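So the chains spell out like this:
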Amino acid sequence: MSTVFPGDHIHAQHVNLKLGPGLLQTSSVNSQNASSSVIATRAGALNHSANNSKWWIESNSRRYVPATQELVIGSIIQKVGEGFRVDIGAAHPASLDSLAFEGATKRNKPNLKVGCLVYARVSLAHKDMEPELECFDAQTRKSEGFGELRGGFVVRCSLKMCRDLLDPKHFLLPLLGGRFPLEAAVGVNGRVWVSAKEFKQTIAIARCIEAADPDGGGLDAGEIKIFLNTLDV
């Protein structure tokens, strides 16, 4: 892992190269040949998968910048024609087609109201276009957990905390799940939806996420256990 800055050239090469947040592939053409290169568009830690096929930059910026395939939690802010405009915490709202749900047809479309929460995947992200969302898995075209989020509570946290929670090795959600049943949906846009059987448990989950957030208390597993014992759950 290394630290990079905007404009740095990244030596990312793979036959199935996929670029994540903070990286941009540029093309150049001269009289001899055409070539492409990868540059960083934000400062942060450069990461790549084990086989070097996926590259991305991790940074703890406060504003979410959409990237394709990322998971987000959004709030419906307007119904427009055959779709919706969704607030995902980015510079511009995203669009969500009413047919971008499992099993949706022109006669059978989701009835989402302003204020409804959705768990979605970014299907299109371009600096000159409005982001687009889908509420199904790209491979199976099944909902796979995407769609409307009913009930529960949304916790706002840092972008880094969201990425940490998506890591199966992170301690927090398994630790809380060992204390009481819970449901959670993590968006990389600084929002986490949580739901438990009792409202006080839901609030406890939210407080633990805030306490473990690097931008908050930054508590580790042992400290969270102690903190959890002070709560009435």
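Residues numbered from 1 in each chain as written. Predicted model: local features only at pLDDT ≥ 70, side-chain atom pairs only at ≥ 80, totals over all residues. Heavy atoms only, no water.

Student: Looking at this structure, I do not really get the UniProt feature "domain: K Homology" (unreviewed entry) in the protein. What am I missing?
Tutor: As recorded in UniProt, the feature "domain: K Homology" (unreviewed entry) lies at residues 152-197. End C-alpha atoms of residues 152-197 are separated by 10 Å, and the span's content is 30% helix alongside 35% strand. (UniProt positions renumbered as here; feature names shortened; annotations may be inferred. Helix = DSSP H or I, 4+ residues; strand = E, 2+ residues; numbered from the N terminus.)

Student: In this structure, what is going on with the packing of helix H3 (residues 199-212) against helix H4 (residues 221-229)? I would like to understand it.
Tutor: Pairs of packed helices are described in terms of their axes, by the angle between the two and the distance that separates them. Running from amino to carboxyl end, H3 crosses H4 at an angle of 145 degrees, the nearest separation of the two axes being 11 Å. Considering only the axes of H3 and H4, their crossing is right-handed. Contact with H3, carried on its side by Arg-207, Cys-208, Ala-211 and Ala-212, involves Ile-224, Phe-227 and Leu-228 of H4 and no other residues of that element. Looking at side-chain class alone, the contact of H3 with H4 contains six nonpolar, no polar and one charged residues. (Axes fitted to C-alpha atoms, helices over the stretch in contact; angles between N-to-C directions. Left-handed = near helix turned anticlockwise from the far one by under 90°. Contact = heavy atoms within 4.5 Å. Nonpolar A, V, L, I, M, F, W, Y, C, P; charged D, E, K, R; others polar.)

Student: Please clarify how the pairing of strand S12 (residues 129-135) should be interpreted in this entry.
Tutor: Side chains on a regular strand alternate between the two faces of the sheet. Judged from the three bridges that link them, strand S10 (residues 94-101) and S12 form a sheet pairing that is parallel. Counterpart to Ser-95 in the pairing with S12 is Glu-132. Across four bridges, the pairing between strand S11 (residues 117-126) and S12 is antiparallel. The residue of S12 that forms the bridge with Leu-124 is Glu-132. In textbook terms, the turn of a hairpin is the stretch between consecutive antiparallel strands, and for S11 and S12 this stretch comprises two residues. (Pairing = 2+ DSSP bridges.)

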